[in-house]
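Inside the fold
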Amino acid sequence: MTTFIKKKTEIEESGATMTFRPGQFKRAPFSLAEKNIYLLGMRGSGKTTVGAALAAVLGCSCLDTDALVVEAAGKTIEAIVADAGWDEFRRLETEALARAAELPGKVVATGGGIVLSQANRDLMYRTGVSFYLAADAALLIGRLLRDSNAAQRPSLTPLDLHDEVAAVMAEREPLYMAGMDHMLQAHRSVDELVDDILVALGLKEWDFSEKERVLDRY
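Section: the sheet that holds strand β4 (residues 128-134)
Spatial strand order, β2-β3-β1-β4-β5: five strands in an open sheet with parallel pairing. A strand with exactly one partner marks an edge of an open sheet, and here the two such strands are β2 (61-64) and β5 (182-185). In this sheet, neighbouring strand axes are inclined to one another by 25 degrees on average, regardless of whether the strands run parallel or antiparallel. Bridge count for β4 against β5 is four bridges, and the pairing is parallel. The residue of β5 that forms the bridge with L133 is L184. Strands β1 (36-40), β2 and β3 (106-109) of the sheet are contacted by helix α4 (residues 86-101), whose axis makes an angle of about 150 degrees with β1.

A closer look at the nonpolar core
Residues I37, L39, F131 and I197 are the most contacted members of the largest nonpolar core, which totals 52 residues. Those residues in contact with I37, other than ones at most four positions away along the chain, are F30, L32, L54, L58, K106, V107, V108, V129, F131 and L201.

Considering the side chain of E93
Turning to its location among the elements, E93 is positioned in helix α4. Taking relative accessible area as the criterion, E93 reaches 1% and is therefore assigned buried. Beyond its immediate stretch of four places on either side in the chain, E93 contacts D66, V69, G111, G113 and I114.

Side note on the state of the cysteines
In this structure the tally under the stated criterion is zero disulfides. Take C60: it sits in no disulfide, and the sulfur closest to it among the cysteines is that of C62, at 7.5 Å.

Here's the deal with the packing of helix α2 (residues 65-73) against α4
α4 packs onto α2 with a crossing angle of 110 degrees between their chain directions and a minimal axis gap of 9 Å. It follows from the interaxial angle that α2 and α4 lie roughly perpendicular. Side by side, α2 and α4 meet where T65, D66, L68, V69, A72 and A73 of the first sit next to F89, L92, E93, A96, L97, R99 and A100 of the second. Its residues assigned to classes, the contact of α2 with α4 shows nine nonpolar, one polar and three charged.

Considering the pattern of salt bridges
Throughout the structure, instances matching the rule amount to six salt bridges. Between E88 and R91 there is a salt bridge, and its shortest N-O distance comes to 2.7 Å. Linking E88 with R91, this pair stays in helix α4, spanning three residues, or about one helical turn. Given a relative accessible area of 24%, E88 falls into the partly exposed group. What makes R91 partly exposed here is its relative accessible area of 42%. Between E95 and R91 there is a salt bridge, and its shortest N-O distance comes to 2.6 Å. A residue pair is termed a helical-turn pair when its members lie 3 or 4 positions apart in one helix, as E95 and R91 do in helix α4 at four residues. Salt bridges linked by common partners bring E88, R91 and E95 together as one network.

Here we look at helix α1 (residues 47-58)
A rise of 1.5 Å per residue sets the reference length of α1, with its 12 residues, at 16 Å; its end C-alpha atoms lie 16 Å apart and thus fit the reference within 8%. Buried-residue contacts for α1 involve β1, β2, β3, β4 and α8 (190-200).

Points about the pairing of β3
Residues K106 and V108 line one face of β3 and the alternating positions V107 and A109 line the opposite face, and both faces are buried. For β1 and β3, the ladder comprises three bridges, and the chain directions are parallel. What sits directly across from L39, in β3, is A109. Where β2 meets β3, four bridges bridge the pair, whose relative direction is parallel. By the bridge assignment for β3, S61 is matched with K106.

Cut-offs used in this document
- Residues numbered from 1 in each chain as written.
- Predicted model: local features only at pLDDT ≥ 70, side-chain atom pairs only at ≥ 80, totals over all residues.
- Heavy atoms only, no water.
- Pairing = 2+ DSSP bridges.
- Helix = DSSP H or I, 4+ residues; strand = E, 2+ residues; numbered from the N terminus.
- Axes fitted to C-alpha atoms, helices over the stretch in contact; angles between N-to-C directions.
- Contact = heavy atoms within 4.5 Å.
- Core = buried A, V, L, I, M, F, W, Y, C linked by side-chain atoms within 4.5 Å.
- Buried < 20%, exposed > 50% of the residue type's maximum accessible area, 1.4 Å probe, protein only.
- Disulfide = S-S within 2.5 Å.
- Parallel < 35°, antiparallel > 145°, perpendicular 65-115°, else oblique.
- Nonpolar A, V, L, I, M, F, W, Y, C, P; charged D, E, K, R; others polar.
- Salt bridge = Lys/Arg side-chain N within 4 Å of Asp/Glu carboxyl O.
- Expected span 1.5 Å × (residues − 1).

Written out as structure tokens, the structure reads:
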């Protein structure tokens, strides 16, 4: 059997401990004709890259909620935040997710902060299966420093990159755990991650010689 962790938390308040969603282990078998696949995780975890590769294998479309926001607003995320603030971006992000969730049959790479909204988490739970690309801070920072596009994204805090990643991870990781069905190790290759997703969805047999499925710290 696969050793994916399958657990959620309901976050009622910032200091809440993890609790489990009733019936979360009794979800119906996955069908792309009925559900979407949502990718969750921090900026730099690889959601867009993995999403595109997964969609190519499945022969379906891949949407990126950040790209949908930019398209709808007619300006960059940096410009949206500069002109109207993060609250406006989050509003547009929720609208983008709603559009993406209207019909099944696609892979959706979500923005890193999409889990901040309980309504967003609930919508993804109802309309699809969610994968959290978990990564440690060092991996994320290294990728962001190498990504020329990262400089175009507005900072989430007034902190420097290292402290910002640590602070944002501390805030969001319980929410990623609350919203996920399966956890993935973001340090694995794109091909390995696509295989991990297919195995978790029951769309591919698991090679039992492959043991590395879950982050050691979990």
